[in-house]
Amino acid sequence: MNAEKQEIKVRRVSSRKRSRDSLKSHLTPAKKRGSTSLGQCPDSTENGVFTSAMADIKATEYCSDNEDLFGDYDSILGDSSFLAKLDYAEQDERQHGLHCAANTDPADKPDADFTSLRSSKDSLLKQACDDILTDSILDDFRDESLKDLPATQREFQEEVLEDAKRNKRREGDKTSTPFRNTDGTVEEETERAFGNKTASSPKAKRRMTDQVKRALLCNAAAPSSVSRTVVLKEAVVSEEISFAMQAMETVSAKTTDLGPFFGLPTKVKDLICKLKGIKNLYDWQETCLNLDCVQERRNLIYSLPTSGGKTLVAEILILRELLCRKKDSLFILPYVALVQEKVRGLASFGLELDFMVEEYAGSKGRFPPMKRRNRRSLYIATIEKAHSLVNSLIETNRLDNLGLVVVDELHMLGDGSRGAVIEMTLAKVLYVSKTTQIIGMSATLGNIKDLQKFLRAENYTNDFRPVQLREYVKLKDSIYEVDPKEEDCFKFSRPLNFKYSSSMQKMDPDHIIALVTEVIPTHSCLVFCPTKKNCENVAGMICKYLKEEFLLHKEAEKALLLRELRNSGNGSMCPVLRKIVPYGLAYHHSGLTSEERKLVEDAYSDGVLCLLACTSTLAAGINLPARRVILRSPYVATDFLKRSQYKQMVGRAGRAGIDTMGESILILQDKDKTMAKKLVSAPMEICYSNLMHDNGKGVLSLILSLIGLNITNSLEQVKDFMSATLLHVQERQLCVERSLWEIVQECVGLLKGKGLVAVSTDAQGEILQVTKLGKATYKGSVDLTYSDELYKDLSKGLESLMLDSFLHLVYLVTPYDMISQCKPDWMIYFRQFTLLSASEQKMSAAVGVPESFVARKAAGQTVKKNMNPVVVKRLYLALVLFNLLKETNLWSVAEKFQLSRGFIQTLLSSSSAFCSCVLHFTEELEEFWPFKALLVELTRRLSYCVTAELIPLMEVAGVMESRAKQLYNAGYKTLAHLANADPSALAKNVENLYKKQANQIVASAKMMYLSVPDASE
């Protein structure tokens, strides 16, 4: 381009229709232009000044008030348009580049600095003509007078010039650094520099052209001197556009559809196939997902038998909420193990589909959750954590961001204090947010209409099972099929064909060995027992009479399992498991550590173990199906089975995709026959509200949190809220002696008496407010029974807080509800007491347990002075936890205190959860400020109870202590190492880690690692 500056004057021209013949130029489409050589590049300049076919047409200096700027204007590519002039400049630049390229031959310049250029003249000429667009075009506009341009063009001009400056600075950053060759000449990586320039040129051209078009199209709205009529017209149009956009957003929010898979992209279907192995949905699942209430986002309760595939429907609905509606979701599950399993399973979906998966279980979970601009979050929570999460969202006015709440095992509304927490959570969501959808998954219930009325939901019920279930009972040596249509309920099926010796008959009068050997080891079997001890006894008895060929079945895998069980106990192992695992048997109950349970569950799922003797808790927990399910007795401990418990157990029979049939066998004695008939033929139990459970503790907690969250601040508002609960729906059955209104008034009075609620008066009447203690109680999720006691203990502890060991802090966070399960062994108590330091013994005396008292009890002497048994037992449990924190070896502590390792595991997990509650409690009370920093670290220590270097690895969902040690020893020492690991390499480097497990671990680590930079949002 010529060096001298060119002057361009661009004015708005008349929009009247012009003769198209006079406007033909190289920018006019070829068909309309006539025969012109496509390769020809017409001259775009004349004596250094832009010219066009419009040069002879007198330009209009201004527009009339009512002129339509684009009316009858056929093309914005007319010769006089600003875009045309820009293209002329571009053509001239190309000619200039062509000319320079033609006169430059690298081969003729032996002293040139460029050594890597290999392009031929032809390719260079073509590239110069096609691609090169430098900032020199923009140079021609810089000194141009802008005073006559319309405002939008002037704005565009300034934008272009600013863009040019940025591009030059960017190009300067990308310039290759010269380096010297051995012969002293300077060389530069020309290919890379040239490639960068030419690659950016088309982008620069497109960006500039788009901006010009945008500026021209916006000319109609230019703030020029136009009449009021035009301004009003534009205002009306603008308002109509705004209204249309709002309407579109409203419609799209209801009918968002991203693809053919129930509104989701095909990628989701592919991921379900890849990660879950599910290629097609069952008919009922498709029907449920296509229900009108689902499409219109109304609340829904759907009920199916166990193993019917309920969870997949919930997960698809969650993905729709996250991806289509861009809203967060909450998935509520009853147990920590289920939460961890679901977090592992959905982390891979989160990574592939760009949403966060956050765990809220035990001590994990942030309140309120982190705000994220770029990603939606799926919160997977236990019942108690879900309630705290919803409270925090209400408090921060963020509940509307929660688009969907899914509750698994909705029938647990009738399950004591935990049922009360579910009811509180759902009632708050229904009352505060009108946009949050609630989906409940439930077993078949007798009073589903009550739940529908409470949740304002529709119901979908189906009796589908992927595998046919046949129910049997065993009486003496005969098998009867359960048939409620029969008069006797039981129809003879077959005799039990198994020869028993007299010794076997004495050992196994219920013929359990005969029943299990019909299916194992080829198929799997679950034997439900009434007690934990009975589980171990039954498993031991069965393996005594199994043939030696059972030892050879998957021998190597069982040896590996034994090694892992030994590693999980730091060299210690349960003698019962050591004896029965080689036969492919194991037991499963709360006496196992969480790591042992997971190893046993994984081995059973993989077919290494073929039989589990278990308690009823397995039926309500993780999904472990079997070909045959045997109920050792119709009792759970000393209580006769409920219909729901029975259905949950027998529902584990039949493995989808493996078995064609599942069967259950209930072993009966003659005395239980009548009750068993009622059990198998009775209708499902009725689910009742539990807000009145334990003397109305649920109602008290609910009212306290309602006032604290400012949902209600008067008795009338509390009454209005309570009318939207399940308790109100069932008021006639549950509030017989007093009305619900009387109960509410009584509860508010009790809260006043406890100092948790205060009353003030204004012109409108009495106003209810929480006190500082009340706020701390509901925010810490502290049981109202213990809130006052906790406050006194913390206040007393603050007066003489001992910080040279963890004992005092551990005592303060030992859960009150575990005390009833503690029966101290006084000799062990005294032995452990004498091992304490002088300051620790002084602390023990300060809380109310002097050494003299423990010594007298150990010696069997009577103690005249009455001691508080709660304090004595609580300190004993604190000593157990204190030893555990010091040794981090659960087995040795269990042996030292003569307690089951399962009890210590439960104590540890309860303590970490309660420690988290106490932390939130102290955060709301200024006088307890020293506890805040101290309890954060203690919560972390109690949550994992491992050496400090393993804690980052233990935070990954599904990684237990022994696995964390394996990972650490293999070189994966931090979260970043795991997040960046290759799953295949990880599976090779870590013993007994399958590819699927490796994928889940890496996905969970990546999800946690991604949440760290996301915090800056």
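Reference entry: report on the structure contained in this document. (Residues numbered from 1 in each chain as written. Predicted model: local features only at pLDDT ≥ 70, side-chain atom pairs only at ≥ 80, totals over all residues. Heavy atoms only, no water.)

1. Things to note about the sheet that holds strand 9 (residues 402-407)
Reasoning step 1: Strand order in the open sheet made by the seven strands is 7-8-6-9-10-5-11, with parallel pairing throughout. The strands lining the two open edges of the sheet, one partner per strand, are strand 7 (356-360) and strand 11 (457-461). Strand-to-strand twist across the sheet, computed as the mean angle between neighbouring axes with direction ignored, equals 15 degrees.
Reasoning step 2: One ladder, built from four bridges, connects strand 9 with strand 10 (residues 437-442); its direction is parallel. When the bridges of strand 10 are listed, Val-407 appears paired with Gly-440.
Reasoning step 3: Seen against the sheet, helix 14 (residues 416-432) touches strand 5 (299-303), strand 6 (328-332), strand 9 and strand 10 and runs at an angle of roughly 155 degrees to strand 9. (Pairing = 2+ DSSP bridges. Helix = DSSP H or I, 4+ residues; strand = E, 2+ residues; numbered from the N terminus. Axes fitted to C-alpha atoms, helices over the stretch in contact; angles between N-to-C directions. Contact = heavy atoms within 4.5 Å.)

2. Some points on the packing of helix 13 (residues 383-395) against helix 14
A pair of packed helices is captured by two measures, namely the crossing angle of their axes and the spacing between those axes.
Reasoning step 1: Two elements in contact, helix 13 and helix 14, have axes separated by 9 Å at closest approach and are oriented at 25 degrees. As judged from the angle between their axes, helix 13 and helix 14 are roughly parallel. Crossing handedness for the pair helix 13 and helix 14: left-handed. The segment helix 13 lies against helix 14, with Ile-383, Glu-384, Ala-386, His-387, Val-390, Asn-391 and Ile-394 engaging Arg-418, Val-421, Ile-422, Met-424, Thr-425, Lys-428, Val-429 and Val-432.
Reasoning step 2: For the contact of helix 13 with helix 14, the per-class residue count stands at nine nonpolar, three polar and three charged. (Parallel < 35°, antiparallel > 145°, perpendicular 65-115°, else oblique. Left-handed = near helix turned anticlockwise from the far one by under 90°. Nonpolar A, V, L, I, M, F, W, Y, C, P; charged D, E, K, R; others polar.)

3. Notes on the sheet that holds strand 12 (residues 468-475)
Reasoning step 1: Judged by pairing direction, the sheet is mixed, and its eight strands sit side by side in the order 14-13-12-21-18-15-17-16 without closing on themselves. Strand pairing shows two members of the sheet lacking a second neighbour, strand 14 (490-495) and strand 16 (585-588), which therefore form its edges. For this sheet, the mean angle separating the axes of adjacent strands, direction not counted, is 25 degrees.
Reasoning step 2: In this sheet, strand 18 (residues 628-631) lies alongside strand 15 (residues 525-528) in parallel orientation, the contact comprising four bridges. Directly across from Val-527, in strand 18, lies its bridge partner Ile-630.
Reasoning step 3: Against the sheet, helix 18 (residues 532-544) makes contact with strand 15, strand 16 and strand 17 (611-614), and its axis sits at roughly 175 degrees relative to strand 16, the strand it touches most.
Reasoning step 4: Docked against the sheet, helix 24 (residues 643-650) engages strand 12, strand 15, strand 18 and strand 21 (661-668), running at close to 145 degrees with respect to strand 18.

4. A word on the pairing of strand 18
Reasoning step 1: Side chains Arg-628 and Ile-630 of strand 18 all project onto a buried face; the interleaved residues Val-629 and Leu-631 project onto the opposite face, where all are buried too.
Reasoning step 2: As judged from the four bridges shared by strand 18 and strand 21, these two strands associate in the parallel manner. Directly across from Val-629, in strand 21, lies its bridge partner Ser-664. (Buried < 20%, exposed > 50% of the residue type's maximum accessible area, 1.4 Å probe, protein only.)

5. Some remarks on unusual backbone geometry
Reasoning step 1: Following Phe-367, the chain continues into Pro-368 via a peptide bond in cis, with omega recorded as -10 degrees.
Reasoning step 2: Within the chain, Asn-570 stands out as a residue other than glycine whose phi angle is a positive 50 degrees.
Reasoning step 3: Classification of Asn-570 as partly exposed rests on a relative accessible area of 34%.
Reasoning step 4: Although it is not a glycine, Asp-694 sits at a positive phi angle of roughly 55 degrees.

6. A look at helix 18
Reasoning step 1: The end-to-end C-alpha distance of helix 18 is 19 Å, a good match for the 18 Å that 13 residues give at a rise of 1.5 Å each.
Reasoning step 2: For helix 18, the full list of buried residues reads Asn-534, Cys-535, Glu-536, Val-538, Ala-539, Gly-540, Met-541, Ile-542 and Cys-543.
Reasoning step 3: A distance of 3.1 Å separates the backbone nitrogen of Asn-534 from a side-chain oxygen at the start of helix 18, and that oxygen is part of Thr-531. (Expected span 1.5 Å × (residues − 1). Polar contact = N/O pair within 3.5 Å; in protein donor to acceptor, adjacent residues only side chain to side chain.)

7. Considering the side chain of Ser-916
Reasoning step 1: Tracing the sequence through the fold places Ser-916 in helix 39 (residues 901-923).
Reasoning step 2: Judged by relative accessible area, which is 6%, Ser-916 ranks as buried.
Reasoning step 3: Sequence-distant contacts of Ser-916, defined by excluding residues within four places in its chain, comprise Ser-363, Lys-385 and Thr-939.

8. Here's the deal with the packing of helix 26 (residues 693-708) against helix 31 (residues 772-779)
Reasoning step 1: Here helix 26 crosses helix 31 at 110 degrees, and the two axes come no closer than 9 Å. For the element pair helix 26 / helix 31, the angle class is roughly perpendicular. In this structure, the crossing between helix 26 and helix 31 has a hand that is left-handed. Residue-level contacts link Leu-704, Ser-705 and Gly-708 of helix 26 to Gly-774, Thr-777 and Tyr-778 of helix 31.
Reasoning step 2: Residues of the contact of helix 26 with helix 31, tallied by class, amount to two nonpolar, four polar and no charged.

9. Considering the state of the cysteines
Reasoning step 1: Tallied over the full model, the rule gives zero disulfides.
Reasoning step 2: Among the cysteines around Cys-529, which has no disulfide bond, Cys-535 carries the closest sulfur, lying 4.2 Å off. (Disulfide = S-S within 2.5 Å.)

10. Some remarks on the side chain of Thr-425
Reasoning step 1: Within the fold, Thr-425 resides in helix 14.
Reasoning step 2: The contact partners of Thr-425, leaving out residues within four places of it in the chain, are Ile-332, Ala-386, His-387 and Val-390.

11. Points about the pattern of salt bridges
Reasoning step 1: In total, this model carries 36 salt bridges according to the counting rule given.
Reasoning step 2: In this structure, Glu-315 engages Lys-342 in a salt bridge whose closest nitrogen and oxygen atoms are separated by 2.8 Å. Of the two residues, Glu-315 is situated in helix 11 (residues 310-323) and Lys-342 in helix 12 (residues 336-353); the sequence distance between them amounts to 27 residues. Considered together, Glu-315 and Lys-342 belong to a single accessibility category, that of buried residues.
Reasoning step 3: Among the salt bridges present, the one from Glu-518 reaches Arg-494, with a minimum N-O distance of 3.1 Å. Of the two residues, Glu-518 is situated in the loop between helix 17 (512-517) and strand 15 and Arg-494 in strand 14; the sequence distance between them amounts to 24 residues.
Reasoning step 4: With relative accessibility at 27%, the residue Arg-494 sits in the partly exposed group.
Reasoning step 5: Each member of the salt-bridge network shares a partner with another, and the members are Glu-395, Lys-775, Lys-779 and Glu-924. (Salt bridge = Lys/Arg side-chain N within 4 Å of Asp/Glu carboxyl O.)

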